[in-house]
Amino acid sequence: DYRNVPVLSSYAPVKIPGLKWVILSEIDLGEAYRPVDQIQRHLFITTIILIVIITLIAGFLTERFVSPLRVLTSATRKISQGDLDIEINLKSRDEFGELAQAFNEMVHSIRDNNQLLYQKEQEIESLLLNILPHAIAERVKKGEEQLVDHIQQGTVLFASIVGITELTYREGVQEMAVKLSELFDSFDLEGQNYGVERFKAIGERYIAMCGVTIPRLDHSKRIMDFALSIQETLKGFNNRYDSNLSFRIGIHTGTVVAGLIGTNKLMYYLWGETVDIASHLNTIAANNTIVVSHNVYEQLHDLYLFNRGKTINFENKTKLSLWIFAKEQSLSVITSDNESID
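Nothing here was measured: the structure is a model prediction, and the numbers come from that model.

A.B. asks: Just to check I follow, could you spell out the overall build of the protein chain for this structure?
C.D. replies: A tally of helices and strands in the protein chain yields eight helices and 12 strands. Taking 20 Å as the expected radius of gyration for a compact globule of 342 residues, we find that the protein chain reaches 48 Å, considerably beyond that expectation. A burial count over the protein chain gives 35% of its 342 residues as buried. Contacts in the protein chain between residues far apart in sequence, at least 24 positions, make up 62% of those at least 6 positions apart. Total accessible area computed for the protein chain in this model is approximately 21,800 Å², and 54% of it derives from carbon and sulfur atoms.

A.B. asks: Just checking my understanding: could you explain helix α5 (residues 173–194) for this structure?
C.D. replies: Compared with the 32 Å implied by 1.5 Å per residue over 22 residues, the 31 Å span of α5 between its first and last C-alpha is a close match. Regarding α5, the residues found buried are M176, K179, L180, L183, F184, F187, E190 and G191. Each buried residue of α5 lies within a common arc of 130° when the element is viewed along its axis, so the set occupies one face. Among the exposed residues of α5, those pointing more than 90 degrees away from its buried face are Q174, V178, D185, Q192 and N193.

A.B. asks: Sorry if this is basic, but what is going on with the side chain of T253 here?
C.D. replies: Here T253 lies in strand β6 (residues 246–261). Among the residues examined, T253 registers a relative accessible area of 1% and is labelled buried. At a separation of 3.0 Å, a polar atom in the side chain of T253 contacts the side chain of T155. What T253 contacts, discounting residues up to four positions off in sequence, is Q153, G154, T155, H219, S220, T274, S293, N295, V296 and Q299.

A.B. asks: What am I meant to see in the pairing of strand β8 (residues 289–293) here?
C.D. replies: Each regular strand carries side chains that alternate between the two faces of the sheet. By the criterion of burial, β8 is predominantly enclosed, with five of the five residues buried. Burial of β8 is two-sided: the residues T289, V291 and S293 facing one way and the residues I290 and V292 facing the other way are all buried. When β6 meets β8, the two strands line up parallel, connected through four bridges. Pairing of I249 across the sheet is with I290, part of β8.

Rules used in this analysis
- Residues numbered from 1 in each chain as written.
- Predicted model: local features only at pLDDT ≥ 70, side-chain atom pairs only at ≥ 80, totals over all residues.
- Heavy atoms only, no water.
- Helix = DSSP H or I, 4+ residues; strand = E, 2+ residues; numbered from the N terminus.
- Rg over C-alpha atoms; globule rule 2.2 N^0.38 Å.
- Buried < 20%, exposed > 50% of the residue type's maximum accessible area, 1.4 Å probe, protein only.
- Contact = heavy atoms within 4.5 Å.
- Areas by Shrake-Rupley, 256 points an atom, 1.4 Å probe, with all protein chains shown as cover.
- Expected span 1.5 Å × (residues − 1).
- Arc of directions from axis to C-beta.
- Polar contact = N/O pair within 3.5 Å; in protein donor to acceptor, adjacent residues only side chain to side chain.
- Pairing = 2+ DSSP bridges.

In short, geometric facts, not functional conclusions.
In structure tokens:
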């Protein structure tokens, strides 16, 4: 307009005879658009406010949604590290609450299963220790296969308990089983004291070894001390139960081969000439005597008193010089391969 201000104009001719007029209506552009500008400003402010409110609400809802997931993730990570004492406490009644409850039930189940597995593992370990020496059982647990050892120096003891059959007739089978369990448990306990391990007990024979599964420099002395100890244990047993059991013991030291035999049923097995000789010495020994080979005598004659026995032919190829442990100078003399007299 004449003010040089942008305006909105509206005009129309005025129909009056003799006049060439128009009617003109003007409004400043700023004044005309002021409501629109106000609306835009209000919309902008409202939009900013809505964005802030929505962001806050979204942040709150996100935190409410993510927080349980974060707790579950942290708990899962702890479980993967072996911590089974964790428990999630979510009081909500929505899906997250149900998920937390299911998670806790899973943890309890895993804990119970682990406890059951531990008990089974203990039972299996106990069973292994009952049928295998401790060192061998540990090697089996570690997954070692083809377990066979060639031991250069080990000592084997064969002990026959004389009189078991007669005592069984007197006591009865059940009562005798209980007493034999007590007796063999006592032998095993003495073996632990001397580092001697039971190989097996079969029939009237109790077979023990030292230096086979665990190398020991004094394996012969340990076996000898063990033999004297179980003799005293047997005397105490006889006194308690008014029995008359006695020992025949054979001991030999030398090279031993040992290993696990079988696939379906594992058996720890000893073999070799040392085992055969100890068994033979046991069969030819007189009651209440300990017969040792010359190898054992050479290692122990400075510590114990022995009496020289006969020299025998073992399996017609090896001459064995025998020695009998002398206790209080009461000796038993071996006379032949299969006979013995006092």
